[in-house]
Amino acid sequence: MEISTDTSSLRIAICEDIKSEEEILTMLIKESRLSVSIMSFPTGEAFLEIFEKDAFDIIFLDVYMGELTGVQTAERIRELDTQVVIVFTTTSEDFTREGYRLNAYKYMLKPIIYEDVLDSLELATIKRDRAQGATIQIVCDGDPVTLPLADIEFIEASNRRSIFNMEDGSTYATLTTIDALEKLLPSPRFLRSHRAFIVNLDHVVDVDDDFIMDNGTRAYIRVKDFRKIKHAYDDYLFNSVRSDW
């Protein structure tokens, strides 16, 4: 295998006392096609029995659960872990103030929709990748090379090779196709902006007709998909700001 990454599955916990609701949320998570590991719990008490800091990347909490509510469960979680993404699922916004107090990422009103789930998963992915300092391993001129994802500006397909352009100006060429790299690199951080370009959105400083990178170079954007790609970039910027809350 020419390429590998150390990014693991997104670790997800679902606390939901209604089985049908838990099954719907699980189905929507799997529709994202992200690599995920899901654990489900029928009560807050059952979840807290196994919970420890850094055990999960995102926790979905039903507000109206048995004896220990979702808000009370979140209070216990925050005593141990101040960074994990918490998402409340609920039929009412009555607990919005408590959500702010507990630094909950968002409320998902039932019936839950796919767009809200995907938005939450993308935020959790951003936080996880930045915290882990994820890397990707490629083969360059016959030798394995490990590259930090954070240092990749963009990847360009050229002469049947994929060229990694790094923050320090260095480049690394691999025979792995850009199509294969698109599937391996974590979305939404890495965006296929053109048939020959994958861009690390953390290094974009401006957009005109193309992406302007922080090293001054340009990464092409497909003209026919400009609005879609620009929208994806704007969404990423918004989620990146929230990931720092």
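Placed above this text is the structure.
A brief report on the enclosed structure follows.

Cut-offs and rules
- Residues numbered from 1 in each chain as written.
- Predicted model: local features only at pLDDT ≥ 70, side-chain atom pairs only at ≥ 80, totals over all residues.
- Heavy atoms only, no water.
- Pairing = 2+ DSSP bridges.
- Helix = DSSP H or I, 4+ residues; strand = E, 2+ residues; numbered from the N terminus.
- Buried < 20%, exposed > 50% of the residue type's maximum accessible area, 1.4 Å probe, protein only.
- Polar contact = N/O pair within 3.5 Å; in protein donor to acceptor, adjacent residues only side chain to side chain.
- Contact = heavy atoms within 4.5 Å.

## Some remarks on the sheet that holds strand E14 (residues 204-207)
Next up, step 1: With antiparallel pairing, the three strands of this open sheet are ordered in space as E14-E15-E16. Because the sheet does not close on itself, it has two edges, and the strands there are E14 and strand E16 (218-219).
Next up, step 2: Across two bridges, strand E15 (residues 211-213) lies against E16 in antiparallel orientation. Considered in E16, the bridge of phenylalanine 211 is made with alanine 219.

## So, the side chain of arginine 192
Next up, step 1: In this structure, arginine 192 sits in strand E12 (residues 190-194).
Next up, step 2: Given the relative accessible area of 13%, arginine 192 is considered buried.
Next up, step 3: Separated by 2.9 Å, the side chain of arginine 192 and the backbone oxygen of histidine 194 make a polar contact.
Next up, step 4: At 2.7 Å, the side chain of arginine 192 and the backbone oxygen of arginine 195 are in polar contact.
Next up, step 5: Discounting chain neighbours no more than four positions away, the residues touching arginine 192 are Ile178, Asp179, Glu182, Phe197, Ile198, Arg222 and Ile229.

## Overview of the pairing of strand E10 (residues 161-166)
Next up, step 1: With six bridges connecting them, strand E9 (residues 152-158) and E10 associate as antiparallel partners. Paired with glutamate 156 across the bridge in E10 is isoleucine 163.
Next up, step 2: In this structure, the hairpin formed by E9 and E10 is closed by a connection of two residues, where asparagine 159 is found at a positive phi of approximately 50°.
Next up, step 3: Where E10 and strand E11 (residues 171-174) come together, four bridges link them in antiparallel fashion.

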